[in-house]
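Summary of structural features
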Amino acid sequence: MPSLIEAFQSQVGRKILTGLTGFLLVFFIIFHLAGNLAIFGDPDAMNSYSQFLHDLGPLLWVARIGLLLIFVIHAYIGISIWINKRKARPQQYKVYSSKGGPSKQGLSSRSMAFTGIVLLIFVVFHINTFALGDMDTVLIDGRETHDVKTLVIDTFQNPIYAFGYTIVMILLGAHLGHGIWSAFTSLTLRSKKASATIYTIGVVAAVLLAVGFLFIPLYIYFGGGCDAALINCN
Amino acid sequence: MSLMTINLKVWRQKNAETPGKFEDYKLDEVSEHMSFLEMLDVLNEKLIKEGKDPVEFDYDCREGICGSCNMVINGRAHGPKHKTAACQLHMRTYNDGDTIVIEPPRAAAFPIVKDLVVDRSAFDRIIEAGGYISVKTGAAPEANLIPVAQDTSNDAFDYATCIGCGGCVAACPNSSAALFTGAKIAHLNSLPQGQPERDKRTIAMVNQMEKEGFGDCSNYAECEAVCPVGISISAIAEMRRDYIKAIF
């Protein structure tokens, strides 16, 4: 019997890990979106949420490191699958097309590597912009905290950020369109009926998540930041 | 009976070492009642009469049960029809004047022997790794000695229908053999006779599949779409499930 480390390096083990990490990342982005939507709440809602996260102290670091690890494993395996496929078929077909029917080949599934790599690069820029960016401080409950909300509103008034984020979020939707169902399948979903249902749920969830994320930059840009009806700055 | 003119673009390759290329052929008077392989027979008769080398292709039963005739027709393993092996495909599927591109299955694990013939012994080695049950041979035991539930028997039979043609590998964008290996594992692991070697079999067959140089499964499900016997990708889920059970 292989050790657990060996087992998760095998083809089947790697796929199970991809599904598992993918699942956890979907959970993360659901929470992330919920946090983002705080921008539409009370003037202090978003910064209070940020303060709450910072107050977690060491727990926040555990979550950050855990998340980084999950992300790196997911990306590493995804890229290695993409490299492997070249080795497994050195000579391509002159003509190739899907047979349709039960096949899940399409724009979403065929572009997993592309959308994944874009997301990987995006995350680096994203962290640099919003987690490491220059921020003023505001007083929340008498304590100084980072003014994330102003940074977000200022950033998305720049069309490059507003539209750049929108495009990347469409790609996120495309990644999840195949990814959510695929994660279930990798985690051994075998019933045909459940599989069809989960595929539909996965696509709907992917669209909702993408729209949820891209709505914010577009709304800030077209609404004129603090002037927008749903955003209450003070 | 209507006769058609068919243009063919066939992959010709002398052996694994020599690079191949497409050759164009034109066949007149192709009957709509011909099977795809009969059409290739007609092409070969013509080539032989012209003193040229006939197109090498694998076939045996020509009734869709042996799994020999794996070729990629217009970019699809076994041609355009679902649950149909290339030998069961008929020329009535095509129209007069159509151009058909025929390629061998392309995968590093299936090296080309000649033209459309590839070496699929990688599949044999996956079976050798664990696709069997160890029993003492001798007089056949009483058939009803080990009860098997009807559902289990049906599922096992569905997986056992895999004819090992390699269409799944040919069609998979990653050249993965997950459907073949999954079907073989799921077939034996679901039956009582397969239980004693269950974990060992799963690990050994998965390892051999990787050793042969097949790609990873990305859940495209294209394999299920081209499988001439319609094996579901639930076989792959069964393999993953059994793999998890085996390692913990």
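Note that the coordinates shown come from a computational prediction; the quantities given were computed from them, not determined experimentally.

**Let's talk about the overall build of chain A**
When helices and strands are tallied, chain A shows nine helices and two strands. Reading the helices (α) and strands (β) of chain A from amino to carboxyl end gives α-α-α-α-α-α-β-β-α-α-α. Put simply, 74% of the contacts in chain A that link residues at least 6 apart link residues at least 24 apart.

**Considering the overall build of chain B**
Looking only at helices and strands, one finds eight helices and seven strands in chain B. Summarising its shape, the C-alpha atoms of chain B cover approximately 60 × 40 × 35 Å along the three principal directions. Put simply, chain B has 248 residues, and 48% of those count as buried. Looking at chain B alone, contacts between residues at least 24 apart form 71% of all its contacts between residues at least 6 apart.

**Some remarks on the sheet that holds strand S4 (residues 76–77) of chain B**
Residues and elements named next belong to chain B. Across the sheet, which stays open at both edges, the five strands sit in the order S2-S1-S5-S3-S4 with mixed pairing between neighbours. Either end of the sheet is taken by a strand with one partner, and the two such strands are strand S2 (21–31) and S4. Bridge analysis of strand S3 (residues 72–73) against strand S5 (residues 99–103) gives two bridges, and the strand direction is antiparallel. When the bridges of S5 are listed, valine 72 appears paired with glutamate 103. Against the sheet, helix H1 (residues 36–49) engages strand S1 (3–12) and S2, with an angle of about 105° to S2.

**Overview of the pairing of S5 of chain B**
In terms of strand pairing, S1 of chain B meets S5 of chain B through four bridges, oriented parallel. Bridging across to S5 of chain B, asparagine 7 of chain B finds its partner in threonine 99 of chain B.

**Some words on the interface of chain B and chain A**
Taken together, the 43 residues of chain B in the interface contact 42 residues of chain A. Those elements giving two or more residues to the side of chain B that touches chain A turn out to be S5, helix H6 (198–211), helix H7 (222–226) and helix H8 (234–247) of chain B. Within the side of chain B that touches chain A, the residues separate by chemical class into 21 nonpolar, twelve polar and ten charged.

**Some points on helix H5 (residues 178–189) of chain B**
All names here are of chain B. The end-to-end C-alpha separation of H5 is 15 Å, in line with the 16 Å expected for twelve residues at 1.5 Å each. Most of H5 is tucked away, with twelve of its twelve residues classed as buried. Looking at H5, one finds that the buried residues are Ala178, Leu179, Phe180, Thr181, Gly182, Ala183, Lys184, Ile185, Ala186, His187, Leu188 and Asn189. Next to the buried residues of H5 lie helix H2 (121–130), helix H3 (150–160), helix H4 (167–171), H6, H7 and H8.

**Details of the domain arrangement of chain B**
Residue and element names in this part refer to chain B. Domain parsing of chain B yields domain 1 (3–103) and domain 2 (120–247). Using only C-alpha atoms to locate each centre, domain 1 and domain 2 end up separated by 30 Å. Taken together, the contact between domain 1 and domain 2 spans 13 residues of the former and twelve residues of the latter. Considered class by class, the residues forming the side of domain 1 that touches domain 2 number five nonpolar, six polar and two charged.

**Focus on the packing of helix H2 (residues 11–36) of chain A against H8 of chain B**
One way to put it is that H2 of chain A packs onto H8 of chain B with a least axis distance of 10 Å and a crossing angle of 100°. The orientation of H2 of chain A relative to H8 of chain B falls into the category roughly perpendicular. Counting all contacts with H2 of chain A, which are made through Val12, Gly13, Lys15 and Ile16 of chain A, the residues of H8 of chain B involved are Met239, Arg240, Tyr243 and Ile244 of chain B.

**Regarding unusual backbone geometry**
Residues and elements named next belong to chain B. Positive phi, normally seen in glycine, also occurs at histidine 78, with a value near 65°. Looking at the element boundaries, histidine 78 is found in the loop between S4 and S5. For histidine 78, a count of 28 C-beta atoms within 10 Å puts it in the buried group. We note that alanine 221 has phi near 65°; this positive angle belongs to a residue other than glycine. Within the secondary structure, alanine 221 sits in the loop between H6 and H7.

**Quick look at the nonpolar core**
Within soluble globular proteins, side chains that are nonpolar generally end up buried alongside one another. In terms of nonpolar packing, the biggest core is built from 106 residues, with Ala86, Cys168, Leu179, Cys223 and Ala235 of chain B touching the most fellow members. Here this core takes nine residues from helix H8 (residues 159–186) of chain A, the largest share from any one element. Of the domains in this structure, domain 1 (3–103) and domain 2 (120–247) of chain B are the two that each give at least three residues to this core. Once you skip the residues sitting within four places of it in the chain, alanine 235 of chain B turns out to touch Tyr159, Leu179, Gly182, Ala183 and Ala186 of chain B.

**With respect to the environment of methionine 239 of chain B**
With respect to the helices and strands, the residue methionine 239 of chain B is situated in helix H8. It is 8.5 Å that separates the C-alpha atoms of methionine 239 of chain B and valine 206 of chain B, two residues lying 33 residues apart in sequence.

**Things to note about the confidence of the model for chain B**
For residues with low pLDDT, the predicted coordinates do not support detailed interpretation. In the predicted model, chain B carries a mean pLDDT of 96, and the fraction of residues at 70 or more is 100%. The ipTM assigned to the predicted complex is 0.92, against a pTM of 0.94.

**Some points on the confidence of the model for chain A**
Averaged over all residues, the pLDDT of chain A is 94; the fraction at 70 or higher stands at 100%. Put simply, strand S1 (residues 137–140) of chain A is where chain A has its lowest mean pLDDT, 86, and H8 of chain A is where it has its highest, 97.

**Here we look at the environment of aspartate 134 of chain A**
Checked against the element boundaries, aspartate 134 of chain A lands in the loop between helix H6 (112–130) and S1. Residues aspartate 134 of chain A and valine 148 of chain A, spaced 14 residues apart in sequence, show a C-alpha to C-alpha distance of 9.5 Å.

**Topic: the packing of H6 of chain B against H8 of chain B**
Residues and elements named next belong to chain B. Across the interface, H6 lies against H8 with an axial gap of 9 Å and an inter-helix angle of 115°. Seen along the crossing, H6 lies across H8 with a hand that is left-handed. Taking contact as the criterion, the partners of Arg198, Asp199, Thr202, Ile203 and Val206 in H6 are, on H8, Met239, Asp242, Tyr243 and Ala246. Residue classes in the contact of H6 with H8 are distributed as five nonpolar, one polar and three charged.

**A closer look at H8 of chain B**
Residues and elements named next belong to chain B. Counted at 1.5 Å a residue, the expected span for H8 with its 14 residues is 20 Å, and the 20 Å between its end C-alpha atoms agrees. Across the 14 residues of H8, twelve count as buried, placing the element largely inside the fold. If you check which residues of H8 are buried, you get Ser234, Ala235, Ile236, Ala237, Glu238, Met239, Arg240, Arg241, Asp242, Tyr243, Ala246 and Ile247.

Conventions and cut-offs
- Residues numbered from 1 in each chain as written.
- Chains lettered and ligands numbered in written order.
- Predicted model: local features only at pLDDT ≥ 70, side-chain atom pairs only at ≥ 80, totals over all residues.
- Helix = DSSP H or I, 4+ residues; strand = E, 2+ residues; numbered from the N terminus.
- Contact = placed C-beta atoms within 7 Å.
- Buried ≥ 20, exposed ≤ 12 C-beta atoms within 10 Å, placed from the backbone.
- Pairing = 2+ DSSP bridges.
- Axes fitted to C-alpha atoms, helices over the stretch in contact; angles between N-to-C directions.
- Nonpolar A, V, L, I, M, F, W, Y, C, P; charged D, E, K, R; others polar.
- Expected span 1.5 Å × (residues − 1).
- Domains from an automatic or database assignment.
- Parallel < 35°, antiparallel > 145°, perpendicular 65-115°, else oblique.
- Core = buried A, V, L, I, M, F, W, Y, C linked by C-beta atoms within 7 Å.
- pLDDT = per-residue confidence, 0-100.
- Left-handed = near helix turned anticlockwise from the far one by under 90°.

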